[in-house]
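Below, each chain spelled out in residue letters.
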Amino acid sequence: MSQRLFVLGSTGSIGDNVLDVVARNPQTAVIHGLTAHRNIGKLYRQCLKFRPALAIVSEPHHAIELQANLQAAGLNTEVQCGAQALCAAACAADCDTVVAAIVGAAGLPPTLSAARAGKKILLANKEALVMSGTLFMEAAANSGATILPLDSEHNAIFQCLHGAQRASGDVQRLILTASGGPFRNRPLQTLDQVTPDEACAHPNWSMGRKISVDSATMMNKGLELIEARWLFDIPAERIETLIHPQSIVHSMVVYRDQSVLAQLGSPDMRIPIAHALAYPQRIDSGAEPLDLVKVATLTFEAPDLARFPCLALALEVIREGGAMSTVLNAANEVAVEAFLTHRIRFTDIARVVDEVLQKIPGAAVTSFDEVMDIDQHSRRIGSAVVQRVCRMPHSSPSLYAASSAAAVSLLQGGR
Ligand code: NAD
Ligand code: MG
């Protein structure tokens, strides 16, 4: 079963978990390449442990330093730098499987490169699919690439579909579960005082800061709806979202006979990672066994779009399709970064995304160059909106996107 693995974003939360599962199952994969943006100390330690042929960082001076340190430690790992190097390595013949675990739009070019080269892709970087869903899936279909989802909800759906023929009409609906994040019950009027550390303190999952904020706003679920729409080729009207605070049921598939298949497990990303790494076999993940007696209660509730305006915006965008999901993703990345660096309030994230969406007309997208242009344009507009929002007095009312009837209907999977 051994495969040569190239881990894009190995120093992140997903990267850590992938390497943990590989270390437990050395027969499953050989680490061919590891990459980091700037954390070269951690990448150095990972290289010492896994001895990859290749390591890639973003900045030339980091590459020089890392190369010297690895040579001094007696390793002949080749160190490269830059986005081009990531793309070249992701499609090279010396790797079989690419783990897409870079956060944000920066993950799209190398993941696409792997898709075009027909690689097996373990996909965590949902932003790649949100930015370019149709084009990305077309590229993968044309080359014969296999995409195995690492996102826990999508991995759960993949397991519950179990090869079912979606086109046959047997699959009626998908139900994506969401924890509701740390602010599910926090008084609405205090949300504008939320700090980045509070937003990143997720009740069930330990994740990178960007996805943690996305979980707190529930933009993460919006991005995941778009991800599911493309990954499973199912219309958004047939994807429902349910808040499930315990994060034990990772998602569900409803069949035409009203059988509902769910995948359950402790909230530990090593479970979907182990599944995708070994698929179609099974390996140990290292996760705690699920103790349902201890969990005792599983609850479900409909999300409140007034509390989670980012989810309402994503639902509007799914209806519009085309370029708007690229705009949504870029505007959200800019807004989350501005929040994490204390430039805007938590409640301004939805305000910024909404304004950017309103300023850019919807259009069909026919090429990846267009996707990248729209991404850059949206970031410029997003930065300008952030500048203006920063200067607003803090007493100004927070904008909340309308929870339109259309969005509410989509939320319920068209029911
Ligand atoms: P993280 O912030 O912990 O790690 C991100 C990784 O990407 C790091 O290795 C970092 O060095 C690298 N990186 C960041 N910017 C880069 C750039 N410009 N160029 C090259 N590399 C860059 O993030 P994470 O939580 O591991 O999430 C990674 C991806 O997986 C995201 O798309 C996220 O939505 C998705 N995801 C994460 C989880 C989770 O539990 N953490 C669950 C589901 C999906
Ligand atoms: Mg998820």
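Residues numbered from 1 in each chain as written. Chains lettered and ligands numbered in written order. Predicted model: local features only at pLDDT ≥ 70, side-chain atom pairs only at ≥ 80, totals over all residues. Heavy atoms only, no water.

A. Quick peek at the side chain of S179. Tracing the backbone through its elements, the reader meets S179 in the loop between β8 (171-178) and α8 (196-200). Of note is the side chain of S179, whose polar atom sits 2.9 Å from the backbone nitrogen of G181. Here the side chain of S179 touches H202 through a polar contact of 3.0 Å, side chain to side chain. (Helix = DSSP H or I, 4+ residues; strand = E, 2+ residues; numbered from the N terminus. Polar contact = N/O pair within 3.5 Å; in protein donor to acceptor, adjacent residues only side chain to side chain.)

B. Highlighting the pattern of salt bridges. Inspection of the entire model under this criterion finds 26 salt bridges. We note a salt bridge from E301 to R184, for which the minimum N-O separation is 3.3 Å. Of this pair, E301 sits in the loop between α12 (292-295) and α13 (309-320) while R184 sits in the loop between β8 and α8; the two residues are 117 residues apart in sequence, bridging distant segments of the chain. On the basis of relative accessibility, which here comes to 22%, the residue R184 falls in the partly exposed class. A single network of salt bridges, built from pairs that share partners, joins K126, D151, E153, K221 and E224. (Salt bridge = Lys/Arg side-chain N within 4 Å of Asp/Glu carboxyl O. Buried < 20%, exposed > 50% of the residue type's maximum accessible area, 1.4 Å probe, protein only.)

C. Fine view of helix α16 (residues 368-391). Relative to the 34 Å expected for 24 residues at 1.5 Å per residue, α16 spans 35 Å between its end C-alpha atoms, a close match to the ideal helical length. Those residues of α16 that are buried are in contact with α5 (108-116), α6 (126-143), α14 (324-340) and α15 (348-359). (Expected span 1.5 Å × (residues − 1). Contact = heavy atoms within 4.5 Å.)

D. Main features of the coordination of the magnesium ion (ligand 2). At the metal site, the magnesium ion (ligand 2) is ligated by D151 (OD), E153 (OE) and E224 (OE), and these contacts range over 2.1 to 2.2 Å. We note that the donor set of the magnesium ion (ligand 2) lies within a single chain, spaced as D-x1-E-x70-E. A residue is classified by how much of its surface remains accessible, and E153, at 8% relative accessible area, is buried. (Donors = N, O, S within 2.8 Å, 3.2 Å for Na, K, Ca; no water.)

E. Region of the structure containing the sheet that holds strand β7 (residues 146-149). Strand order in the open sheet made by the seven strands is β4-β3-β2-β1-β5-β6-β7, with parallel pairing throughout. The open sheet has two free edges, formed respectively by β4 (78-81) and β7, since each of these has just one partner strand. For this sheet, the mean angle separating the axes of adjacent strands, direction not counted, is 25°. Strand direction decides the pairing type here: strand β1 (residues 3-8) and strand β2 (residues 29-35), joined by five bridges, are parallel. When the bridges of β2 are listed, Q3 appears paired with A29. Against the sheet, helix α3 (residues 60-72) makes contact with β3 (54-57) and β4, and its axis sits at roughly 175° relative to β4, the strand it touches most. Packed onto the sheet, α5 meets β1, β5 (97-100) and β6 (120-123) and runs at close to 145° relative to β6. (Pairing = 2+ DSSP bridges. Axes fitted to C-alpha atoms, helices over the stretch in contact; angles between N-to-C directions.)

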